[in-house]
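Structural characterization, general
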Amino acid sequence: MKNKEVAEIFNKVAALLEIRGDNPYRIRAYQKAAQTIEALTTDIEELAKQGKLEKLPGIGADLAGKIKEVLRTGTLPIYEELKKEIPLVLLDFLEIPSLGPKKVKVLYEKLGITNIEELEKACKEHKIAKLPGFGWKTEENILKGITLFREKRGRRPLGEVLLLAEEIIETLKRESPVENIAVAGSIRRRKETVKDIDILITSVQPEKVMKKVTELPLVEEVIAFGETKTSVRLRTGIQMDIRVVEPDSWGAALAYFTGSKTHNIRVRELALEKGLKINEYGVFKGEEKIAGKTEEEVYASIGLPFIPPELREDRGEIEAALQGKLPKIVEYNEILGDAHVHSKYSDGTASLEEIIVKAEKLGLSWIAICDHSQGLKVAGGVSVEDLFKKKKHIEELNKRSSKVKLIFGAEVDILSDGTLDYPDEVLAEIDFVIAAIHTGFQQTEEQITNRIISALKHPLVHAIAHPTGRVIGEREPYAVNMPKILEVASEYGKALEINAYYKRLDLDDINARAAKERGIPLIIGTDAHFIDQINYLPLGIAVARRGWCEKKDILNTLTYEEFIAWLKNLRNPS
DNA sequence: GCCGTTTTCGGCCCGACTGTTTTCAGTCG
């Protein structure tokens, strides 16, 4: 948690400096530092103690000192100073489309506007249009922006947007003259939340495609309309940007629009060092275009192998690629099973038979049926008696089904005192025990951490489900000391779950990478309560990929027999 | 504010579109 808090302060300093109109490169330095800190897989406090802060990219003597200051005092002199100069609420204004730092500054200095209500009032009284650089159009845009802001149309979970994007692509393929079409941006990188939908197209009739885009029934409003770039807002509130390029520029454009922004900056800096220029149209040596048709070509032009989109976050992937040390991240088709599915035995809606049919459809060869344990009454926790019925049921089905095997598991509650929700003699009968916290979220960090640690140390537990308990956009993680959890999991060889449910994705990419670096096995489970939620499995795989995980790091790449062997071996090492 | 087998100073990614302008700053990605 500490890392996020430090990063947050740096980000705010950067935003405030922007409004103040400070040196843009100084601002970028703060932003870059914030990003580096947020992506750390170790506790920043540890790095500070070891005097290793200055080894981090983008952090020099000055910022290292400032990090230490934040860790010591919780704030920074420059931050406090800026807050006095510029009201913090102005940062909210930056979220309003068409308002950037320059305009926000003018609003504050000329009209003394310091909250949304005042801003709205000033628009309605047409005071804004009279300001230099503003006009009636800007006034209208701000009013629209305020409405959007109030509706909190911020980042949405990837799982919510991905299907929509794929649907739109199918429609455009069918109904307009596109040749290549692909989703780019943070969706292609499979970031856990996304702000907009970026779609890239090649076409010989770009104007027809653009027209079609604006006519899609899903479109509510056209924000910008150009020959090569069109932006619309969909009825769901999300923005969609469409770019059309020449086939010859497909790879360069795809790389460009996939981002991330910081990854792109690094790539282009590398190009400059080699006397090349990269833009969305290609790689150029002087006037001559030397690459651009494919992404591979673009990376190769600056001496890099292809970097999978999920890694393009400027979290060391470029350095790794330069050294030939890019991980061979786990492939989507290497995942053979889903390690966390609920059935009718607890609060799931599907029968075991239905789950088998679904798994076969998805090409999976095993599913771990992990229903809730007895104490979790709200979620239909399974009594000991029913648990043994389920065990028998699974054994019978496994005899009949050859393509898909079920694994007899349980998602066992970690009670508030750290003990487990079934007695040991029952746990011993369960082939796969994944323990989880479902109650007592308000406990202190020490209490929660100790609960999970006692579960990790329990000899019959194999893994911990959704280790931080966060629900994207709804619930913050409970107070848990992740470095300690990682330490104990690593010591005891226990697995941690990447929960693939679209609102959990817990562990997240950064924690998954931290686990991988410590040799902790990871296990992906959809936590499906409805049969179709098993479809979310790729979202969990995406987290693993974003966490630099390779095949060997993920237990779901094991065959049924291998996984059963792993489970047994953990309890009785051979 | 960072960074350096061309550099400890002078660089720091690149382009489309909008709106307010009569040539371009600001915003956005």
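Calculation criteria
Residues numbered from 1 in each chain as written. Chains lettered and ligands numbered in written order. Predicted model: local features only at pLDDT ≥ 70, side-chain atom pairs only at ≥ 80, totals over all residues. Heavy atoms only, no water. UniProt positions renumbered as here; feature names shortened; annotations may be inferred. Helix = DSSP H or I, 4+ residues; strand = E, 2+ residues; numbered from the N terminus. Rg over C-alpha atoms; globule rule 2.2 N^0.38 Å. Contact = heavy atoms within 4.5 Å. Lys, Arg positive; Asp, Glu negative; His and termini not counted. Charge placed at Lys NZ, Arg CZ, Asp CG, Glu CD. Near = heavy atom within 4 Å. Polar contact = N/O pair within 3.5 Å; in protein donor to acceptor, adjacent residues only side chain to side chain. Nonpolar A, V, L, I, M, F, W, Y, C, P; charged D, E, K, R; others polar. Axes fitted to C-alpha atoms, helices over the stretch in contact; angles between N-to-C directions. Parallel < 35°, antiparallel > 145°, perpendicular 65-115°, else oblique. Left-handed = near helix turned anticlockwise from the far one by under 90°. Phe/Tyr/Trp six-rings, centres within 6.5 Å; stacked < 30°, edge-to-face > 60°. Lys NZ or Arg CZ within 6 Å of the ring centre and 35° of its normal. Buried < 20%, exposed > 50% of the residue type's maximum accessible area, 1.4 Å probe, protein only. Arc of directions from axis to C-beta. Core = buried A, V, L, I, M, F, W, Y, C linked by side-chain atoms within 4.5 Å. Domains from an automatic or database assignment. Pairing = 2+ DSSP bridges. Right-handed = clockwise from strand over helix to strand, strands pointing away.

The name recorded for chain A in an unreviewed UniProt entry is DNA polymerase beta, from Thermodesulfobacterium geofontis. The UniProt entry for chain A carries this comment under Subcellular location (unreviewed entry): "Cytoplasm". Check the Cofactor (unreviewed entry) section of the UniProt entry for chain A; it says "Mg(2+)".

Turning our eyes to something else, we now look at the overall build of chain A. In terms of helices and strands, chain A carries 24 helices and 17 strands. Here the C-alpha radius of gyration of chain A, 26 Å, is about what a compact globule of 574 residues would show, namely 25 Å. If one aligns the C-alpha atoms of chain A with their principal axes, the spans along those axes are about 75 × 60 × 50 Å. Restricting to contacts in chain A with at least 6 residues of sequence separation, those with at least 24 account for 68%. Chain A carries 85 positive and 91 negative side-chain charges, and their two centres are separated by 3 Å.

Right, let's get into the protein's contact with DNA strand B. Around DNA strand B there are 51 residues in total, and G60, G135, T138, Y256 and R268 lie nearest to it. Taking all atoms of DNA strand B within 4 Å of the protein, the share assigned to sugar and phosphate is 75%. In this structure, G135 approaches DNA strand B through a main-chain N or O atom, which is 2.6 Å from a phosphate oxygen. The class makeup of the residues in the surface near DNA strand B is 20 nonpolar, twelve polar and 19 charged.

Let us look at the UniProt feature "domain: Helix-hairpin-helix DNA-binding motif class" (unreviewed entry) in chain A. Here the UniProt feature "domain: Helix-hairpin-helix DNA-binding motif class" (unreviewed entry) sits at residues 51–70, 91–110 and 126–145. Secondary structure content for residues 51–70 is 50% helix and 0% strand, and the end C-alpha separation is 15 Å. Taken end to end, residues 126–145 is 50% helix and 0% strand, and its two terminal C-alpha atoms sit 16 Å from one another.

Direction vectors running N to C along helix 1 (residues 2–20) and helix 7 (residues 101–111) enclose 65 degrees, while the axes themselves pass 7 Å from each other. In terms of axis orientation, helix 1 runs roughly perpendicular to helix 7. Crossing hand, helix 1 versus helix 7: right-handed. Contacts between helix 1 and helix 7 pair E18, I19 and R20 from the former with P101, V104 and K105 from the latter. Taken together, the residues that form the contact of helix 1 with helix 7 break down as three nonpolar, no polar and three charged.

Moving on to the packing of aromatic side chains. Counting across every chain of the model gives ten aromatic pairs. Against the face of F441 rests R475, its NZ or CZ located 4.2 Å from the ring centre. We note R513 situated over the ring of W548; from NZ or CZ to the ring centre the distance is 3.8 Å.

What follows deals with helix 12 (residues 206–215). Listing the buried residues of helix 12 in full gives V209, M210, K212 and V213. Take helix 12 and look down its axis: the buried residues cluster within an arc of 160 degrees, on one side only. Looking at the buried positions of helix 12, the neighbouring elements they touch are helix 10 (158–175), strand 4 (196–202), strand 5 (219–225), strand 6 (229–234) and strand 7 (239–245).

Here the focus is the nonpolar core. Among the nonpolar cores identified, the biggest contains 93 residues, and I197 and M240 are the most heavily contacted of them. With eight residues, helix 10 is the single largest residue contributor to this core. Two domains share this core, each providing at least three of its residues, namely domain 2 (156–245) and domain 4 (337–571). Counting 49 residues, the second largest nonpolar core, distinct from the first, contains A14, L16, L76 and I96.

Residue G259 is joined to S260 through a cis peptide bond whose omega torsion reads -5 degrees. Within the secondary structure layout, S260 lies in the loop between helix 13 (250–258) and helix 14 (261–273). With an omega of 10 degrees, the peptide bond between D506 and L507 qualifies as cis. In this structure, L507 sits in the loop between strand 16 (495–499) and helix 22 (509–517). Of note, S98 is a non-glycine position whose phi angle comes to about 85 degrees, a positive value. Its place among the elements puts S98 in the loop between helix 6 (90–93) and helix 7. By relative accessible area, S98 is classed as partly exposed at 37%. The phi dihedral of L505 is positive, around 40 degrees, even though this residue is not glycine. By secondary structure assignment, the location of L505 is in the loop between strand 16 and helix 22. Residue class for L505 comes out buried when judged on its relative accessible area of 2%.

This part is about the sheet that holds strand 9 (residues 282–285). Spatially, the three strands line up as an open sheet ordered 8-9-10, and their pairing is antiparallel. One side of each edge strand has no neighbouring strand; the edge strands of this open sheet are strand 8 (277–279) and strand 10 (288–291). Going from strand to strand, the sheet's axes swing by 35 degrees on average, the running direction of each strand aside. Alignment of strand 8 against strand 9, held across three bridges, turns out to be antiparallel. Across the sheet, residue K277 finds its bridge partner in strand 9, namely F284.

Attention now moves to the pairing of strand 11 (residues 337–341). Summarising burial for strand 11: five of the five residues are buried, a large majority. Pairing geometry for strand 11 and strand 12 (residues 366–372), over three bridges, is parallel. Across the sheet, residue V341 finds its bridge partner in strand 12, namely I369. The parallel pair strand 11 and strand 12 is bridged by helix 17 (residues 352–362), and the resulting crossover is right-handed.

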